Amino acid sequence: MKIAIDPGHGMSNRRRNVYDSGATHTEGTTKYEEAAIALKYGLTLKDVFRARGHSVFMTRDDADDHAPVGERAGNAKRANADVFVSLHLNDFDDDSANGLEVLYRGNDDKPLAQKLQVALLAVTGFKDRDIDKRDDLAVLKFDGIAVLIELGFIAHDSDRDVLLNPQKRQEICETIADVILS
């Protein structure tokens, strides 16, 4: 099986040659960026799949890769990926918003979204924000099974603390791989 991993946002995501950090949050002098956190998750997930003998296509491997959002699904299909997983962090004006949700495009994608939601809630302990059908998102236009995981809220202290923990990142990525490969 070949898995496409899309760490959300990054260089040329929305505008050519412009870095899109995605959601941001500042605590004291530290600025957290969705794109940077999603990239760490993407690279960890890549290592998990490769360690299990599966091929991986990355929409971007670093902060400098040009990865227009409208081309990511097509690039993954041309790379012969079977499944497309986009990784993001959520944001809201109210910093108390928290939890995890998985977005999917259609009925073929819904079972994977539901299984990921249940498994990731168990490993994170996050609030259940349920799964949501979103057929308007460019990255979910993949010609095959596709999901977008909103791992948690960048501005929520507890969600962010969990997501920044390297051991928890490994556990979350192992869980994503377990579900996809099952």
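Remember, predicted model here, so these are calculated numbers, not experimental data.

So, the overall build of the protein
Next, step 1: Secondary structure summary: the protein contains five helices and 10 strands in total.
Next, step 2: Projecting the C-alpha coordinates of the protein onto the three principal axes gives extents of approximately 45 × 40 × 30 Å.
Next, step 3: Put simply, the protein has 182 residues, and 52% of those count as buried.
Next, step 4: Between the centroid of the 24 positive side chains of the protein and the centroid of its 32 negative side chains there is a distance of 4 Å.

A few points about helix 4 (residues 157-164)
Next, step 1: Residues of helix 4 that are buried: Asp 159, Arg 160, Val 162 and Leu 163. Along the axis of helix 4, the buried residues cluster in a sector spanning 160°; they form a single face.

Let's talk about the sheet that holds strand 7 (residues 83-90)
Strand pairs in the sheet, formed through backbone hydrogen bonds, run parallel or antiparallel to each other.
Next, step 1: Read across the open sheet, the six strands follow the order 6-1-7-10-8-9; overall the sheet is mixed. Edge strands, defined here as strands with exactly one partner in the open sheet, are strand 6 (55-58) and strand 9 (128-133). Going across the sheet, the axis of each strand differs from the next one's by a mean of 20°, ignoring polarity.
Next, step 2: Where strand 1 (residues 2-7) lies against strand 7, five bridges are found, and the strand directions are parallel. Looking across to strand 7, one finds that Ile 3 is bridged to Val 83.
Next, step 3: Here helix 3 (residues 110-124) sits on the sheet and contacts strand 7, strand 8 (100-104), strand 9 and strand 10 (145-153); the angle it forms with strand 8, its principal contact strand, is near 170°.

Some points on the pairing of strand 10
Next, step 1: Most of strand 10 is tucked away: eight of the nine residues are buried.
Next, step 2: Sheet topology note: the strand 7/strand 10 ladder contains seven bridges and is parallel. Counterpart to Val 85 in the pairing with strand 10 is Val 147.
Next, step 3: Relative to strand 10, strand 8 runs antiparallel, the two being bridged by four bridges.

Considering the packing of aromatic side chains
Next, step 1: This structure, assessed with the given rule, holds one aromatic pair.
Next, step 2: When the ring centre of Tyr 41 is taken as origin, the NZ or CZ atom of Arg 169, which lies over that ring, is 6.0 Å away.

A word on helix 5 (residues 166-181)
Next, step 1: For helix 5, with 16 residues, the first-to-last C-alpha span of 22 Å sits near the 22 Å given by 1.5 Å per residue.
Next, step 2: Among all positions of helix 5, only Arg 169, Ile 172, Cys 173, Thr 175, Ile 176, Ala 177, Val 179 and Ile 180 are buried.
Next, step 3: Lining the buried residues of helix 5 we find strand 1, helix 1 (34-51), strand 7, helix 3, strand 10 and helix 4.
Next, step 4: Structurally, the start of helix 5 carries an N-cap: the backbone nitrogen of Gln 167 is 2.8 Å from a side-chain oxygen of Asn 165.

Criteria and cut-off values
Residues numbered from 1 in each chain as written. Predicted model: local features only at pLDDT ≥ 70, side-chain atom pairs only at ≥ 80, totals over all residues. Heavy atoms only, no water. Helix = DSSP H or I, 4+ residues; strand = E, 2+ residues; numbered from the N terminus. Buried < 20%, exposed > 50% of the residue type's maximum accessible area, 1.4 Å probe, protein only. Lys, Arg positive; Asp, Glu negative; His and termini not counted. Charge placed at Lys NZ, Arg CZ, Asp CG, Glu CD. Arc of directions from axis to C-beta. Pairing = 2+ DSSP bridges. Axes fitted to C-alpha atoms, helices over the stretch in contact; angles between N-to-C directions. Contact = heavy atoms within 4.5 Å. Phe/Tyr/Trp six-rings, centres within 6.5 Å; stacked < 30°, edge-to-face > 60°. Lys NZ or Arg CZ within 6 Å of the ring centre and 35° of its normal. Expected span 1.5 Å × (residues − 1). Polar contact = N/O pair within 3.5 Å; in protein donor to acceptor, adjacent residues only side chain to side chain.

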